[in-house]
Amino acid sequence: DVKVTQSSRYLVKRTGEKVFLECVQDMDHENMFWYRQDPGLGLRLIYFSYDVKMKEKGDIPEGYSVSREKKERFSLILESASTNQTSMYLCASRPSGGGFSYEQYFGPGTRLTVT
Amino acid sequence: SQKIEQNSEALNIQEGKTATLTCNYTNYSPAYLQWYRQDPGRGPVFLLLIRENEKEKRKERLKVTFDTTLKQSLFHITASQPADSATYLCALDGDTPLVFGKGTRLSVIA
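I will try to describe carefully the structure that is included in this document. (Residues numbered from 1 in each chain as written. Chains lettered and ligands numbered in written order. Predicted model: local features only at pLDDT ≥ 70, side-chain atom pairs only at ≥ 80, totals over all residues. Heavy atoms only, no water.)

On to the environment of A:Met27. All names here are of chain A. Structurally, methionine 27 can be placed in the loop between strand S3 (19-25) and strand S4 (31-38). Relative accessible area serves as the criterion here: at 14%, methionine 27 is assigned to the buried category. Placed 23 residues apart in sequence, methionine 27 and valine 4 show a C-alpha to C-alpha distance of 8.3 Å. (Helix = DSSP H or I, 4+ residues; strand = E, 2+ residues; numbered from the N terminus. Buried < 20%, exposed > 50% of the residue type's maximum accessible area, 1.4 Å probe, protein only.)

Dropping the structure here:
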């Protein structure tokens, strides 16, 4: 059974803390993504990666960074957490298209609260 | 810029009826369109995808249509059940990461 796992389901951090959200996929997918999801705003893409050590900014990268040192792992880093980063964070992975469309697999999400 | 809209934020429907959800887009020509289901507090799960040259795709009680002239996809659930209650997201697939709509929250009332 294919899987995307995230390090925590719930996380509470203080303002100013450095926060690491980890995501691991076991499907050997090239592409990995980080989203945040807030009521009324839908899924918003933060960063994505097409390959190891490669990253691309999504729609809302400010305040975040990412790391992809291994193919199966994609980390999201909040350098200095702020209360407006309280949200549900979703990781996803997907194979490369090669002219075809493939489904995207999502992790269970991490609900982060910054106080 | 690309824009994708799902016509209703919420849709209530009686059990047994057909639910129809709409996805419209502008400034984009996706080769594929995908639909996902999301339950509260969980990640979206893939349901169906349809190519631009396909008019219709079916999977059990689900049917998706894709009209590239109207720039619209319709998602139908026939004989709806309370277990179908969830948020449904459409996503455009072109040369960039998937572009997701905000979703329609469907409630099937027994």
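Here we take up the interface of chain A and chain B. Taken together, the contact between chain A and chain B spans 23 residues of the former and 18 residues of the latter. Interface area for chain A against chain B, summed over the two sides, is near 1500 Å², with a carbon-plus-sulfur share of 55%. Residue B:Asp93 is joined to A:Arg94 by a salt bridge in which the shortest nitrogen-to-oxygen separation is 2.5 Å. Between the two partners, chain A and chain B, sit seven residue pairs in polar contact (both at pLDDT 80 or more). Among the secondary structure elements, those contributing two or more residues to the side of chain A that touches chain B are S4, strand S5 (42-49) and strand S9 (87-94) of chain A. Ranked by the residues each element gives to the side of chain A that touches chain B, the list is headed by S5(A), at four residues. Of the residues contributing to the side of chain A that touches chain B, the split by class is 13 nonpolar, seven polar and three charged. (Contact = heavy atoms within 4.5 Å. Buried area = accessible area lost by both parts, 1.4 Å probe. Salt bridge = Lys/Arg side-chain N within 4 Å of Asp/Glu carboxyl O. Polar contact = N/O pair within 3.5 Å; in protein donor to acceptor, adjacent residues only side chain to side chain. Nonpolar A, V, L, I, M, F, W, Y, C, P; charged D, E, K, R; others polar.)

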